[in-house]
Amino acid sequence: MGILDGLQQFNLITWLREERQSRKLILFIVFVALLLDNMLLTVVVPIIPSYLYTIDESTPPAAKNITPPLQGSPGTFQSIVSLYDNTVRLTNGSVTARSTDLDLPPTTSTAEPLASQNSSDCPKSNGKLLNENVKVGLLFASKATVQLITNPFIGPLTNRIGYQLPIFAGFCIMFLSTIMFAFSSSYTLLFLARSLQGVGSSCSSVAGMGMLASVYTDDEERGHAIGIALGGLALGVLVGPPFGSVMYEFVGKTAPFLILAFLAVFDGALQLFILQPTKVEPETQKGTPLLTLMKDPYILIAAGAICFGNMAIAMLEPTLPIWMMETMCARKWQLGVAFLPASISYLIGTNIFGTLAHKMGRWLCALIGMLLVGMSVICVPFAGDIYGLILPNFGVGFAIGMVDSSMMPIMGYLVDLRHVSVYGSVYAIADVAFCMGFALGPSIGGSIAENIGFPWLMTIIGIVDILFAPLCLFLRNPPGQEEKIAILMDTNCSMKTRSYSTQATHYQGDDVEPEYDDYE
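Conventions we followed
Residues numbered from 1 in each chain as written. Predicted model: local features only at pLDDT ≥ 70, side-chain atom pairs only at ≥ 80, totals over all residues. Heavy atoms only, no water. Salt bridge = Lys/Arg side-chain N within 4 Å of Asp/Glu carboxyl O. Helix = DSSP H or I, 4+ residues; strand = E, 2+ residues; numbered from the N terminus. Buried < 20%, exposed > 50% of the residue type's maximum accessible area, 1.4 Å probe, protein only. Phe/Tyr/Trp six-rings, centres within 6.5 Å; stacked < 30°, edge-to-face > 60°. Core = buried A, V, L, I, M, F, W, Y, C linked by side-chain atoms within 4.5 Å. Contact = heavy atoms within 4.5 Å. Axes fitted to C-alpha atoms, helices over the stretch in contact; angles between N-to-C directions. Parallel < 35°, antiparallel > 145°, perpendicular 65-115°, else oblique. Left-handed = near helix turned anticlockwise from the far one by under 90°. Disulfide = S-S within 2.5 Å. Expected span 1.5 Å × (residues − 1). Bend = angle between axes of the 7 residues up to and from the residue. 1 Å grid on protein atoms, 1.4 Å probe; cavity = no way out; pocket = protein on both sides within 12 Å on 5 of 7 lines; lining within 4 Å. Points joined across faces, edges and corners; volume = space filled by probe spheres on them. Nonpolar A, V, L, I, M, F, W, Y, C, P; charged D, E, K, R; others polar. Polar contact = N/O pair within 3.5 Å; in protein donor to acceptor, adjacent residues only side chain to side chain. Patch = residues over 30% accessible without salt bridge, like charges linked within 9 Å, V, L, I, M, F, W, Y side chains within 5 Å. Areas by Shrake-Rupley, 256 points an atom, 1.4 Å probe, with all protein chains shown as cover. pLDDT = per-residue confidence, 0-100.

### Here we look at the pattern of salt bridges
Working step 1: Across all of its chains, the model carries 2 salt bridges by this definition.
Working step 2: The shortest N-O distance in the salt bridge between arginine 222 and aspartate 416 comes to 2.7 Å. One end of the pair, arginine 222, is in helix α8 (residues 219-250); the other, aspartate 416, is in helix α15 (residues 390-418), with 194 residues separating them in the sequence. The two residues arginine 222 and aspartate 416 agree in class, both being buried.
Working step 3: Notably, a salt bridge pairs arginine 418 with aspartate 296, separated by 2.8 Å at the nearest N-O pair. With arginine 418 in helix α15 and aspartate 296 in the loop between α10 (290-294) and α11 (297-327), the pair connects residues that are 122 residues apart, well separated along the chain.
Working step 4: Take aspartate 296: its relative accessible area is 3%, and that puts it in the buried class.

Right under this line is the structure:
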């Protein structure tokens, strides 16, 4: 059996070497990278609010046992129950006795609520619970904020050194962030781990999307490939919250992060073997400057749809668990399971509309998606229990899947149509838009939820999404530049298109079949 297993392993290695230049393997690597990135992104959603609340609640009882209260009239006794050795301490003197030896009615009435509080998942301090909105929101937003700052540097860097090195560097940083999450026990270290994740996520997402756009040059095939890659993102979002909440309640905080670290090692080994990240492969032509792309109004509209669409779920992530703890007395595992309908529907939406959006019109798909996001988030606060969250959360996830699966491919489409076909910078802009939603959403959402309440927060972001939706009409037939035809017909152009089409015009490249075998 050992010889047979050795032959099977040898055959697998031989197959991987032969298929190293396959576009499907490159798509698989990007799929896995986005899967792990977003599992780490969302696995903390049910863990962090409850964990920080537990840390904050564990401090006052300890302080009470160490420092006796100074107030109280002379001649009266004030009792303090010590849960450590089951004694009652009287503050008027040095009297200490077992609770079983004293018959004090006030002491008994005090101990019962404490016991019930320790055995219940219902938070008792609403003031402290509301204060958690800001802390959790800032921690969640730190990843997207750092990623927002990093993206403008990663995009041009991929044009100079290629996509292999940045995506592998992203894996290394993500692995370090995962280990930090596993063993951090303070808010500061958790904040640092979340911020570090932003750097790794920037490398993985920008390089991964740019790599797909460079090997899938046909517009329809590119949309399908990016839809599959976004399926990895969706699967990470799908698995993350329930996986994190169940593991946190029944195993502990460290366990889910150690499992993710193990999966990250597998992804890194796959990248190291197939992509060979030691090679530097710059683009053969100079891409359009980042500032020029940011001035393109059509790219800005597509980026705005990505930003405001994802801002809805970004505001839900830190505030919905706290609202559920406050209004529904939700258990730990329910805090993550509540996001399950949104995750499942996002996975369905990205897979359906990755191909369908090209046929029905990506502008129309995004417009409907933005309207549906707005209406769904407005309905979230009307839920009375966890079952009432199923339908609105399903609508939120499905609608965001429509927006992402149509706007991500259209970013590459707009570069092909109006600029130079080098994709690192434009997908840096797409990732910046994504990160702005996840940076502004939790940070602003936490403050709004604390001051005017969770229902008003959902109403505000819902109205913003609905008002933005009509702008997608401008993406119906974006104009191209005349000199772009000459670029597409240039035999020296690195992007050899098989079939590039707008809605009414078809351009045929010089080569019928693109030379994908040149890509390693």
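### Focus on the packing of aromatic side chains
Each aromatic ring pair is characterised by the separation of its centres together with the angle its planes make.
Working step 1: Inspection of every chain in the model, using the stated rule, returns 7 aromatic pairs.
Working step 2: With a centroid separation of 5.6 Å and 75 degrees between ring planes, the pair formed by phenylalanine 353 and phenylalanine 398 is classed as edge-to-face. Placement of the pair is phenylalanine 353 in helix α13 (residues 340-360) and phenylalanine 398 in helix α15, with a sequence separation of 45 residues.
Working step 3: Ring geometry for phenylalanine 394 versus phenylalanine 398: centroids 6.4 Å apart, planes at 5 degrees, classification stacked. One end of the pair is phenylalanine 394 and the other is phenylalanine 398, both in helix α15 and 4 residues apart, which spans about a single turn.
Working step 4: One aromatic cluster is present, built from ring pairs that chain together Phe353, Phe394 and Phe398.

### A look at the nonpolar core
Working step 1: Judged by nonpolar contacts, the single largest core of 121 residues is most densely connected at Leu320, Met324, Leu389, Met407, Met411 and Tyr427.
Working step 2: Element by element, the count of residues in this core is highest for α11, at 19 residues.
Working step 3: Setting aside chain neighbours within four positions, we find methionine 411 in contact with Ile299, Ala302, Ala303, Val426, Tyr427, Ile429 and Ala430.

### Notes on the environment of lysine 286
Working step 1: By secondary structure assignment, the location of lysine 286 is in the loop between α9 (254-274) and α10.
Working step 2: We classify lysine 286 as exposed; its relative accessible area is 74%.
Working step 3: Residues lysine 286 and valine 422, spaced 136 residues apart in sequence, show a C-alpha to C-alpha distance of 7.5 Å.
Working step 4: Residues contacting lysine 286, with those up to four places away along its chain left out, are Val420 and Val422.

### Brief notes about the packing of helix α7 (residues 187-215) against helix α16 (residues 424-451)
Working step 1: Here α7 crosses α16 at 130 degrees, and the two axes come no closer than 9 Å. The orientation of α7 relative to α16 falls into the category oblique. For the crossing formed where α7 meets α16, the hand is right-handed. Contacts from Ser201, Ser202, Ser205, Val206, Met209, Gly210 and Ala213 of α7 reach α16 at Gly424, Tyr427, Ala428 and Asp431.

### Points about the state of the cysteines
Working step 1: A complete count under the given rule lists 0 disulfides for this structure.
Working step 2: For cysteine 472, which is in no disulfide, the shortest distance to another cysteine sulfur is to cysteine 365 and amounts to 9.6 Å.
Working step 3: Its relative accessible area of 0% is what places cysteine 472 among the buried residues.

### Thoughts on α8
Working step 1: Its 32 residues give α8 an end-to-end C-alpha distance of 46 Å, which sits within 8% of 46 Å, the value for a rise of 1.5 Å per residue.
Working step 2: Along its length, α8 reaches its greatest deviation from straightness, about 30 degrees, at glycine 240, and the proline proline 241 lies no more than four positions downstream.
Working step 3: Of all 32 residues in α8, 23 are buried; the element is thus mostly enclosed.
Working step 4: Looking one or two places after α8, you find glycine 252, whose phi comes out positive at around 140 degrees.

### Concerning empty space enclosed by the protein
Working step 1: In the structure shown here, the tally under the stated rule is 4 cavities of 30 Å³ or more.
Working step 2: Roughly 180 Å³ of volume is contained in the largest cavity.
Working step 3: In terms of lining, the largest cavity is formed by 18 residues, of which the most central are Val237, Ile313, Glu317, Tyr346 and Phe438.
Working step 4: When residues of the lining of the largest cavity are traced back to their parent elements, those giving at least two are α2 (23-43), α8, α11, α13, α15 and α16.
Working step 5: Taken together, the residues that form the lining of the largest cavity break down as 12 nonpolar, 5 polar and 1 charged.
Working step 6: Roughly 150 Å³ of internal volume is contained in the second largest cavity.
Working step 7: Leu34, Ser205, Leu233, Asp431 and Phe434 are, among the 16 residues lining the second largest cavity, the residues nearest its centre.

### Structural notes on α16
Working step 1: The end-to-end C-alpha distance of α16 is 40 Å, a good match for the 40 Å that 28 residues give at a rise of 1.5 Å each.
Working step 2: A maximum bend of about 25 degrees is found in α16 at glycine 441, where proline proline 442 lies one to four positions downstream.
Working step 3: Of all 28 residues that make up α16, 21 are buried, and the element is covered over most of its length.
Working step 4: Following α16 by one or two positions, glycine 453 adopts a phi angle in the positive range, close to 105 degrees.

### Some thoughts on the side chain of aspartate 296
Working step 1: A polar contact is formed between the side chain of aspartate 296 and the backbone nitrogen of tyrosine 298, at a distance of 3.0 Å.
Working step 2: Those residues in contact with aspartate 296 that lie beyond four places of it in its chain are Arg418 and His419.

### Examining a nonpolar patch on the surface
Working step 1: Taken together, the side chains of Ile344, Ile348, Ile352, Leu356 and Phe394 define a hydrophobic patch exposed on the protein surface, amounting to about 370 Å² of accessible area.
Working step 2: For the nonpolar patch, the element with the highest residue contribution is α13, accounting for 4 residues.
Working step 3: Here isoleucine 344 lies in helix α13.

### Some words on the environment of aspartate 431
Working step 1: By secondary structure assignment, the location of aspartate 431 is in helix α16.
Working step 2: Remark: the alpha-carbon pair of aspartate 431 and proline 152, spanning 279 residues in sequence, is separated by 9.5 Å.
Working step 3: Beyond its immediate stretch of four places on either side in the chain, aspartate 431 contacts Gln147, Asn151, Ser201, Ser202, Ser205 and Val206.
Working step 4: A polar side-chain atom of aspartate 431 sits 3.1 Å from a polar atom in the side chain of asparagine 151.

### Let's talk about the confidence of the model for the protein
Working step 1: With 72% of its residues at a pLDDT of at least 70, the protein reaches an overall mean of 74.
Working step 2: At the low end of the mean pLDDT range in the protein sits strand β4 (residues 500-501), at 37; at the high end sits helix α14 (residues 362-379), at 93.
Working step 3: In the model, residues 61-121 has pLDDT below 50 throughout and makes 53 contacts with residues more than four positions away in sequence or in other chains.
Working step 4: Segment residues 491-520 is flagged for pLDDT under 50; beyond a separation of four residues in sequence, or across chains, it makes 68 contacts in the model.

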